[in-house]
Amino acid sequence: MAQKKVKIFKKQVTKKMEKKPTAIKSAKAINTVKKIVKTTSAKKREKARVQLEEEILMQPPRGMRDLLPGDQPYWDQIRRVVSRMALEYGFGRIDTPAVEYANLFIRSIGDGTDIVDKEMYIFNTKGGDKVSLRPEMTAGIARAYIQHGMNVLSKPVKLFATGPVYRYDRPQEGRYREHFQAEFDVFGEQDPILDAQLIQLAHRVVTSLGLKNIQFQVNSLGCPKCRKEYQELLVAYFESKKQKLCLNCKKRLETNPLRILDCKEDKCIQVAEMAPQSVDRLCPECRVHFKNILEYLDELDLPYVINPRLVRGLSYYTKTVFEIWSGDEEGKKHSLGGGGRYDYLIEQLGGERTSAIGFALGMDRVVAEMKRVHAKSYTQPRPRVFLAQLGDLAKKKSLRIFAELQKNGILVAESFGRGSLKSQLRVADRLGVEITLIVGQKEALDETVIIKDMTSGTQETVTNEKLVNAVKKILKNNVVVSHSDELKTQDAE
Ligand code: AMP
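Residues numbered from 1 in each chain as written. Predicted model: local features only at pLDDT ≥ 70, side-chain atom pairs only at ≥ 80, totals over all residues. Heavy atoms only, no water.

In this section: the packing of helix α4 (residues 72-88) against helix α8 (residues 192-208). Axis separation between α4 and α8 bottoms out at 10 Å; the angle between their running directions is 145 degrees. Crossing handedness for the pair α4 and α8: right-handed. Where α4 approaches α8, its residues Val81, Val82, Met85 and Glu88 are matched on the opposing element by Leu201, Arg204, Val205 and Ser208. Tallied by class, the residues present in the contact of α4 with α8 amount to five nonpolar, one polar and two charged. (Axes fitted to C-alpha atoms, helices over the stretch in contact; angles between N-to-C directions. Helix = DSSP H or I, 4+ residues; strand = E, 2+ residues; numbered from the N terminus. Left-handed = near helix turned anticlockwise from the far one by under 90°. Contact = heavy atoms within 4.5 Å. Nonpolar A, V, L, I, M, F, W, Y, C, P; charged D, E, K, R; others polar.)

The next subject is a positive patch on the surface. Taken together, the side chains of Arg418, Lys422, Arg426 and Arg430 make up a positively charged region of the molecular surface. You can see Arg426 is positioned in helix α16 (residues 421-431). Looking at Arg426, the relative accessible area reads 54%, which means it is exposed. (Patch = residues over 30% accessible without salt bridge, like charges linked within 9 Å, V, L, I, M, F, W, Y side chains within 5 Å. Areas by Shrake-Rupley, 256 points an atom, 1.4 Å probe, with all protein chains shown as cover. Salt bridge = Lys/Arg side-chain N within 4 Å of Asp/Glu carboxyl O. Lys, Arg positive; Asp, Glu negative; His and termini not counted. Charge placed at Lys NZ, Arg CZ, Asp CG, Glu CD. Buried < 20%, exposed > 50% of the residue type's maximum accessible area, 1.4 Å probe, protein only.)

The subject of this paragraph is the packing of aromatic side chains. Scanning the model with the defined rule gives 14 aromatic pairs in all. With a centroid separation of 4.4 Å and 20 degrees between ring planes, the pair formed by Tyr145 and Phe187 is classed as stacked. On the criterion of sequence distance, the pair formed by Tyr145 in helix α7 (residues 138-147) and Phe187 in strand β6 (residues 178-187) is long-range, its members being 42 residues apart. Using a relative accessible area of 1% as the deciding quantity, one classes Tyr145 as buried. Cluster of aromatic residues (ring-pair linked, three or more members): Phe91, Phe160, Phe184, Phe216, Phe322 and Phe359. Against the face of Tyr176 rests Arg65, its NZ or CZ located 3.9 Å from the ring centre. One cation-aromatic arrangement involves Arg177 over Tyr168; the distance from NZ or CZ to the ring centre is 3.8 Å. (Phe/Tyr/Trp six-rings, centres within 6.5 Å; stacked < 30°, edge-to-face > 60°. Lys NZ or Arg CZ within 6 Å of the ring centre and 35° of its normal.)

Applying the stated rule across the entire model yields one cavity of 30 Å³ or more. Within this model, the largest cavity holds a volume of roughly 30 Å³. For the largest cavity, the full set of lining residues is Tyr89, Phe91, Lys158, Val186, Leu194, Gln197 and Leu198. Looking at which element gives the most residues to the lining of the largest cavity, the answer is α8, with three residues. By residue class, the composition of the lining of the largest cavity is five nonpolar, one polar and one charged. (1 Å grid on protein atoms, 1.4 Å probe; cavity = no way out; pocket = protein on both sides within 12 Å on 5 of 7 lines; lining within 4 Å. Points joined across faces, edges and corners; volume = space filled by probe spheres on them.)

Purely spatial values, then, with no claim about function.
Structure below.
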């Protein structure tokens, strides 16, 4: 009996190992597994199993990941460029919760979309509310726009946000269950110049980040009126080709026929090639709107193509939809971001009729693309001064000195945990600082500091009061790099 139990358990463990190979990489975990499969005592087995569970928990949930310090310069660069562009184009920052009532997303994004049908992280709170992690940002921002009466503000109201979004999708390269977006939304204007300006903004963000080979894919889905007629035509066409569609698309024919146009299955692509195109079925108003956007894009010399199969996965879009694609000339192109008009969403959620347009940039994909093309990441200013201390009293004084220098804009490195002066100086050497400050027992008592100029090798002792000025003098008042200048140069490139 015991043998049989071990066998079953061994099977379970193997299954776990196959499912989560990274989880059992550590030697400790492997030993735990060995222990589990060897032991015949139920109690011991249980103990080992708990241990194994703990090992498995030493990683984030599937499809989620840590963004480690080594990658942060890329993220910093995006955040800086996004904030800079938001300022230039008059966007105010908004932060909405990562969790909203689930119905907000269901109502906005719509049944029959992959996001609502398959990808939402929905759960009931202890209080019984049905909530969801946000699978995109527009719905939360639209909710906030209505809730806070932003309709009384002078139009357009421009809002931007950055943060995580969650989709329970199959994880693969460039597709995570937690990913980060930078979102820009404009409320209260229906003029097509706003559509073009948003596309221009998207272009400036990605090119300022050093990305080349950018191409916009644009399409118009029309307003509810012309879209309805187009959709009927589309359904009739796909009905006639139903046998050639994949199983999913056969279902989509009932729930969301537009999505058949962007199915990735070869046979569906072939059928979609000959499908009626929305741009041919636009009502006069939508046609003029789309024509004007294209004229603006031509005027701006922005690289775009009309993609009649671009429908995007959210059903609130009307008129303009667009995506930003990047990648090799020949190789695979990836979507770095996308957006479109949603002139009826605010009304649909209970607000007054408000034209709106927005776009979301996939920050994870932008980082991957920046790395691929060796784009410049943000370089943190490096400390040019090192503070060393020797003895108990000096150690106590050094925290205050450290803060005083930082408050005055001087970046200081230290290694307070180390006792010996020699080992601290070794760290200073490794960092290549220009000045080392030394506080010993005598200096601590006298309220002074030794300043060692590492370039000339000279040293002097100054009082604590005069320290900041003395250090600044040596550094020639040149301690802070101007971030905005750095950005200006890049954009100009
Ligand atoms: P969407 O809201 O689907 O239009 O997504 C906007 C952008 O976010 C896309 O163009 C991608 O760059 C990025 N994105 C969407 N889904 C994911 C995902 N699962 N993982 C990483 N990035 C994503």
